[in-house]
Amino acid sequence: MARRLCIFDLGNVVLDEVDVTPEILKRIPGASSQFLSRYGQHMEELMTGAMGPDTFWSLVSKDSQVPIESDLLADCFNPVPNRAVIEIIDELRETGVRVVCGTNTYESHYELLRESEPLSHFDEKYASHIMACAKPDPAFYLQIIDAEGFSPSEAFFTDDLEENVVAAARLGICSHRFTDAVSLKESLRRFLS
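Treat the numbers as computed from the prediction; the structure is a model and nothing was measured.

Attention now goes to the pattern of salt bridges. Counted according to the given criterion, the structure contains 14 salt bridges. Where Asp-9 meets Lys-135, a salt bridge forms, and the shortest distance between an N and an O atom there is 2.8 Å. Linking Asp-9 in the loop between strand S1 (5-8) and strand S2 (15-16) with Lys-135 in the loop between helix H7 (128-131) and helix H8 (138-148), this pair joins segments that are 126 residues apart in sequence. Just as Asp-9 is buried, Lys-135 falls in that class too.

If you want it as structure tokens, here you go:
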């Protein structure tokens, strides 16, 4: 079998229930609009590691005049593993395919996930806040492919966001927009045949 690399997004692919916004809004009703504004303004900085959670929450607290004493990005994060996708990852690895995680994430979430059971199924993990770039930046995909020693034509990428899938496809990576495990399995079958 030819050498192959599969790159899986984490949120809404391997993990479900990753959106922390509704729970955060419940916990800080007096600072809701400031949180949403700052989140939109600084999401890229959080994902690329240019801003840490302490600085982010300090800004939200200052804007709203509401004391926020913990990292709500972490406190409200309770993802649920997608067992059907994890089974696919395990099957790929059993056949000798290299399977890595390529995720846009924050320090807050990654610290909770780094040693978690779902991430233990990957050969390697690549997190945007450590890489200092985030999808759909082409540098994100190229950094992973280069580190793994593959070419774009030897790689497969799946993500739930269309813009991320399109960006990977433009680089020559076989790409699949994730909706469910059944269609993912079929795309992988075609890629590996």
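Having put the structure on the table, let's press on.
Note that the residue after Lys-135, namely Pro-136, is joined by a cis bond; omega there is 10°. For Glu-17, which is not glycine, the phi dihedral falls at a positive 55°. Mapped onto the fold, Glu-17 is located in the loop between S2 and helix H1 (21-27). Residue Glu-17 is classed as exposed on the basis of its relative accessible area, which comes to 57%.

Orientation of helix H5 (residues 83-94) relative to helix H10 (residues 181-192), taken along the N-to-C sense of each, is 20°, at an axis distance of 10 Å. Judged by the inter-axis angle, H5 sits roughly parallel to H10. The way H5 lies across H10 gives a crossing that is right-handed. Facing Ala-84, Val-85, Ile-88, Glu-91 and Leu-92 of H5, the residues of H10 in contact are Ala-181, Leu-184, Lys-185, Leu-188 and Leu-192. Considering only residue class, the contact of H5 with H10 consists of eight nonpolar, no polar and two charged.

Let's shift gears to the side chain of His-109. Counting through the fold element by element, His-109 comes out in helix H6 (residues 107-113). In this structure His-109 comes out as buried when scored by relative accessible area, which is 6%. If sequence neighbours within four positions are ignored, His-109 has contacts with Val-20, Leu-73 and Phe-77.

For strand S4 (residues 98-103), a buried count of five out of six residues is recorded, marking the element as mostly surrounded by other parts of the structure. With four bridges connecting them, S1 and S4 associate as parallel partners. Residue pairing across strands places Cys-6 opposite Val-99, the latter belonging to S4. Of the strand pairs in this sheet, S4 and strand S5 (residues 124-127) are connected by four bridges, and their pairing is parallel. Its bridge partner lying in S5, Gly-102 is registered against Tyr-126. Once you follow S4 into H6 and on to S5, the crossover reads as right-handed.

The next thing to look at is the nonpolar core. Core analysis: the biggest nonpolar cluster contains 45 residues, and Phe-8 and Trp-57 have the highest contact counts within it. Listed by contribution, the elements that provide at least two residues to this core are S1, helix H2 (32-47), helix H3 (53-64), helix H4 (72-75), H5, S4, H6 and H10. At five residues, the largest contribution of residues to this core is made by H5. What Trp-57 contacts, discounting residues up to four positions off in sequence, is Ile-24, Ile-28, Phe-35, Ile-68, Ser-70, Asp-71, Leu-72 and Leu-73. One finds Leu-5, Ala-155, Phe-157 and Ala-168 within the second-largest nonpolar core, a separate group that totals 17 residues.

Where H8 is concerned, the buried positions are Phe-140, Tyr-141, Ile-144, Ile-145 and Glu-148. The buried residues of H8 occupy an angular sector of 120° when projected down its axis, which confines them to one face. Opposite the buried face of H8, by more than 90 degrees, sit the exposed residues Asp-146 and Ala-147. As for H8, its buried residues are in contact with S1, S4, S5, H7, strand S6 (155-159) and helix H9 (162-170). Where H8 begins, the side chain of Asp-137 points an oxygen toward the backbone nitrogen of Ala-139, at a separation of 2.8 Å.

With twelve residues, H5 ought to run about 16 Å at 1.5 Å a step, and its terminal C-alpha atoms sit 16 Å apart, in line with that. If you check which residues of H5 are buried, you get Val-85, Ile-86, Ile-88, Ile-89 and Leu-92. What you see down the axis of H5 is that its buried residues fit within an arc of 155°, all on one side. Of the surrounding elements, those touching the buried residues of H5 are S1, strand S3 (80-81), S4 and H10. The opening residue of H5, the one whose side-chain oxygen lies 3.2 Å from the backbone nitrogen of Ala-84, is Asn-82. Within two residues after H5, Gly-96 carries a phi angle of roughly 95°, on the positive side.

Calculation notes
Residues numbered from 1 in each chain as written. Predicted model: local features only at pLDDT ≥ 70, side-chain atom pairs only at ≥ 80, totals over all residues. Heavy atoms only, no water. Salt bridge = Lys/Arg side-chain N within 4 Å of Asp/Glu carboxyl O. Helix = DSSP H or I, 4+ residues; strand = E, 2+ residues; numbered from the N terminus. Buried < 20%, exposed > 50% of the residue type's maximum accessible area, 1.4 Å probe, protein only. Axes fitted to C-alpha atoms, helices over the stretch in contact; angles between N-to-C directions. Parallel < 35°, antiparallel > 145°, perpendicular 65-115°, else oblique. Left-handed = near helix turned anticlockwise from the far one by under 90°. Contact = heavy atoms within 4.5 Å. Nonpolar A, V, L, I, M, F, W, Y, C, P; charged D, E, K, R; others polar. Pairing = 2+ DSSP bridges. Right-handed = clockwise from strand over helix to strand, strands pointing away. Core = buried A, V, L, I, M, F, W, Y, C linked by side-chain atoms within 4.5 Å. Arc of directions from axis to C-beta. Polar contact = N/O pair within 3.5 Å; in protein donor to acceptor, adjacent residues only side chain to side chain. Expected span 1.5 Å × (residues − 1).

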